[in-house]
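Residues per chain, in single letters:
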Amino acid sequence: MVEGRTHRPLIQASRCQGCDVCIRGCPVELIPEYRKEEESLRGTLYRGKMGKEMVQGKVPLPPCQEACPIHQDARGYVALIAKGKFKEALELIREVNPLPAVCGFICHHPCEEACLREEVDHPIPIRLLKRFIAEHDRKRERPKKGLRKRREKILVVGSGPAGLACANDLSLLGFKVTIFESLPVLGGMLTVGIPEFRLPREVIKMEIDGIRELGVKMETNHPFRFDGNGRTLKRSGFDAIFLSMGAHRSSKLDVPGESLHGVFPGVEFLRDINLGRKVELGKKAAILGGGNVAIDAARSALRLGSKQVDLYYRRSRKEMPAIPEDVQEAVREGVHIHLLTAPVRMIGAGGKAIGMECIRMRLGEPDERGRKKPIPIQSSNFKVNAETIISAIGQRVDQRPLKGLEKNPDGTIHVDPETSETSMKGVFAGGDMVTGPGWAIDAIAAGKKGAESIHQFLSR
Amino acid sequence: MAKECKKEVMSRPKRKSLPIKERRKGFSPVEFGLIREEAIKEAERCLGLRECQYCEICGLLCPDLCITRDEKTGEVLIDLDYCKGCGICASVCPKGAIEMALEEAK
């Protein structure tokens, strides 16, 4: 194939703009027989000469797509929306994303942060466009892929974004999937963690119904636990298990007075209101923390009748992990945000919380994760009144049903980073219970990765 | 060569949301979605739209020289009588504006 050549192309590194047109234009790669010729002369010549990114098939993705954990083709569906092809846009989204409507409401949109339009005026509202597409065609049925059926049965534990994504992908591959959910409602943190004003319940229901139509069995009020004797998988009657139980327990504050009446853990507080249980709130509520749970709890407290809601965070606004737009909305709704403040102890009277003592902080050196460490300022203590105190300073994984699985020091499950397999053979895990509390889209990505790994595992 | 994309600066549109007073009354959704016209207008701002920008890379790389540009209208034309379907044009188009379609048997 290289015989008969009279000239050879030389790349002048100083002038190459890396536009890739030469690579994409090279006809050799378009001839199927030549595509897989890593062992051939040409392959040997070129291997190592080109950077990893320049290898054929690795054409750089648009920045929005590169930024997305599931590599959603944002440019593709935005282009289809611009042309008015809404049906095709939804099909393109569904190719990789099992929960488009959910993402359209609550995704933290790394794609918009990467959008190059930022340099011209402001980024394309990709999340809202996805929401528009998902809502535009609510009733439309998902395309059913007529794939070959497989005999293997797979159990997915937990019906949060990771579990749903895994179940969706596995059933599209032809497996028989069953989801066990320990709560009475499906959706995991999407349902019990995110308040209704951010993600309406019918949106989650619509997505879950779509996945159920693929043939996924879903059983609520069905807890699952590991006995610690290593025979759980065999006894369950399934060929593989995907664990996506999430991180549903609030971290402890470790200050005196945490057990007073009127002090709520953040995740449990949100779960109670989302399940419709009655929660008694005082006139003045204090929220501790700066993540999404804290912001959601503060905004929920306002809606449940608290007259004044104060949020205390020990670092500055820049370090807040919550989505900035939600913080803005919370401030507009009347949540007072107090930065660089941390609680020292809760003050109670007759077993009920009446306030707390706080201390001012200053920011020190960044820690290993790049966040600046807060350091208390001596004798800057002050007291605040609050009848309700909600601590939303972090989430942990519930350890009780996970006997016999290898864990990381912070209580999350240890998995193989390549295959997401746990220390037990045939048991895979993903989502918040592996990474610690994170974004929905990362959980979806973990679920998809788990599905792929299970597919590989059972096809061996 | 390549024509610049549309880069008229657009001011950030005001997004509608639930009035603050209404929000305290219940848990109804705060953020409003886009309507059809808004969505199309916003989507058209994308710099990566799959629209021909008349860069003529396809014409330069065509082995059969069958891609030409109409000087009067500026339109890019493909002479399908001479095209042998190698697909290079579709592969090199930086905007992905050329698609290969399966030829129906005659």
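Look above for the structure.
Residues numbered from 1 in each chain as written. Chains lettered and ligands numbered in written order. Predicted model: local features only at pLDDT ≥ 70, side-chain atom pairs only at ≥ 80, totals over all residues. Heavy atoms only, no water.

Engineer: Break down the side chain of His109 of chain A for me, with residues and values.
Structural biologist: Residue and element names in this part refer to chain A. Tracing the sequence through the fold places His109 in the loop between helix H7 (100-106) and helix H8 (110-114). Classification of His109 as buried rests on a relative accessible area of 5%. With residues up to four places along the chain from it excluded, the contact list for His109 reads Arg127 and Glu325. (Helix = DSSP H or I, 4+ residues; strand = E, 2+ residues; numbered from the N terminus. Buried < 20%, exposed > 50% of the residue type's maximum accessible area, 1.4 Å probe, protein only. Contact = heavy atoms within 4.5 Å.)

Engineer: So what's going on with the pattern of salt bridges? Which residues, and what values?
Structural biologist: Using the criterion set out here, one finds 25 salt bridges over all chains in the structure. When salt bridges with common partners are traced through the structure, they connect Arg198, Asp296, Arg299, Arg303, Asp326, Glu329, Arg332 and Glu333 of chain A together with Arg23 of chain B into a single cluster. (Salt bridge = Lys/Arg side-chain N within 4 Å of Asp/Glu carboxyl O.)

Engineer: Describe the sheet that holds strand E5 (residues 240-243) of chain A, listing the residues and the values that go with them.
Structural biologist: Residue and element names in this part refer to chain A. Here we have 5 strands laid out as an open sheet, ordered E3-E2-E1-E5-E18, and parallel in their pairing. In the strand order of this sheet, the two ends are held by strand E3 (217-219) and strand E18 (427-429), each with one partner. The mean angle between the axes of side-by-side strands here comes to 20 degrees, regardless of whether they run parallel or antiparallel. With 3 bridges connecting them, E5 and E18 associate as parallel partners. Counted as the bridge partner of Ile241 is Val427 from E18. The strands that helix H10 (residues 161-172) touches are strand E1 (153-157), strand E2 (176-180), E3 and E5; relative to E2, the one it contacts most, it runs at about 165 degrees. (Pairing = 2+ DSSP bridges. Axes fitted to C-alpha atoms, helices over the stretch in contact; angles between N-to-C directions.)

Engineer: Quick one: what's the story with unusual backbone geometry, residue by residue and with numbers?
Structural biologist: Residues and elements named next belong to chain A. One non-glycine residue with positive phi stands out, namely His71, at about 50 degrees. Along the chain, His71 turns up in the loop between helix H4 (63-67) and helix H5 (74-82). Note on His71: relative accessible area 37%, which makes it partly exposed. Even without being glycine, His109 reaches a positive phi, approximately 35 degrees.

Engineer: Outline a negative patch on the surface, supporting the account with residue identities and numerical values.
Structural biologist: A grouping of Glu113, Glu118, Glu119 and Glu325 of chain A is seen on the molecular surface, where their side chains present a negatively charged patch. Assignment of secondary structure puts Glu118 of chain A in the loop between H8 and helix H9 (126-136). (Patch = residues over 30% accessible without salt bridge, like charges linked within 9 Å, V, L, I, M, F, W, Y side chains within 5 Å. Areas by Shrake-Rupley, 256 points an atom, 1.4 Å probe, with all protein chains shown as cover. Lys, Arg positive; Asp, Glu negative; His and termini not counted. Charge placed at Lys NZ, Arg CZ, Asp CG, Glu CD.)

Engineer: Give a description of the packing of H5 of chain A against helix H2 (residues 36-43) of chain B that names residues and reports values.
Structural biologist: Axis separation between H5 of chain A and H2 of chain B bottoms out at 8 Å; the angle between their running directions is 125 degrees. As judged from the angle between their axes, H5 of chain A and H2 of chain B are oblique. Relative to H2 of chain B, H5 of chain A is oriented so that their crossing is left-handed. Seen from H5 of chain A, the contacting residues are Val78, Ile81 and Ala82 of chain A; seen from H2 of chain B, they are Ala39, Ile40 and Ala43 of chain B. (Parallel < 35°, antiparallel > 145°, perpendicular 65-115°, else oblique. Left-handed = near helix turned anticlockwise from the far one by under 90°.)

Engineer: Account for the interface of chain B and chain A, with residues named and values stated.
Structural biologist: Counting residues at the interface gives 44 residues for chain B and 44 residues for chain A. Taken together, both faces of the contact between chain B and chain A bury some 3,900 Å²; the carbon and sulfur share is 59%. Viewed at the interface, chain A and chain B are joined by 5 salt bridges. The residue Asp121 of chain A makes a salt bridge to Arg45 of chain B at a minimum N-O spacing of 3.2 Å. If you look at where chain B meets chain A, you find 11 residue pairs in polar contact (both at pLDDT 80 or more). Looking at the side of chain B that touches chain A, the elements that each hand over two or more residues are helix H1 (20-23), H2, helix H3 (57-61) and helix H4 (88-92) of chain B. Among the elements that line the side of chain B that touches chain A, the one with the most residues is H2 of chain B, at 5 residues. In terms of residue class, the side of chain B that touches chain A is made up of 23 nonpolar, 8 polar and 13 charged. (Buried area = accessible area lost by both parts, 1.4 Å probe. Polar contact = N/O pair within 3.5 Å; in protein donor to acceptor, adjacent residues only side chain to side chain. Nonpolar A, V, L, I, M, F, W, Y, C, P; charged D, E, K, R; others polar.)

Engineer: Describe the packing of aromatic side chains, with residues and values.
Structural biologist: Residues and elements named next belong to chain A. Scanning the entire structure with this criterion turns up 7 aromatic pairs over all chains. Centre to centre, the rings of Phe180 and Phe224 are 6.3 Å apart; their planes meet at 50 degrees, and the pair counts as tilted. Within this pair, whereas Phe180 is found in strand E2, its partner Phe224 is found in the loop between E3 and strand E4 (226-227), the two being separated by 44 residues in sequence. Each member of the pair, Phe180 as well as Phe224, is classed as buried. Seen in terms of ring centroids, Phe180 and Phe238 are 6.3 Å apart; in terms of plane orientation they differ by 90 degrees. Their pairing is edge-to-face. Taken together, the positions of Phe180 in strand E2 and Phe238 in the loop between helix H13 (232-236) and E5 put the pair 58 residues apart, joining distant regions of the chain. Per residue, the accessibility class of Phe180 equals that of Phe238, and both read buried. Here the aromatic cluster, defined as three or more aromatic residues joined through ring pairs, consists of Phe180, Phe224, Phe226 and Phe238. (Phe/Tyr/Trp six-rings, centres within 6.5 Å; stacked < 30°, edge-to-face > 60°.)

Engineer: Please set out the pairing of strand E12 (residues 352-366) of chain A residue by residue, giving values where relevant.
Structural biologist: Residue and element names in this part refer to chain A. Pairing of strand E11 (residues 341-349) with E12 involves 8 bridges; the strand directions are antiparallel. Paired with Thr341 across the bridge in E12 is Arg360. What sits between E11 and E12 in their antiparallel hairpin is a turn of 2 residues, with Gly350 showing a positive phi close to 65 degrees. As defined by bridge partners, E12 adjoins strand E14 (residues 382-385) across 4 bridges and the pair is classed as antiparallel. The residue of E14 that forms the bridge with Glu357 is Lys383. By the bridge criterion, 4 bridges tie E12 to strand E13 (residues 372-376) in an arrangement that is antiparallel. Following the sheet pairing, Pro366 is matched in E13 by Lys372.

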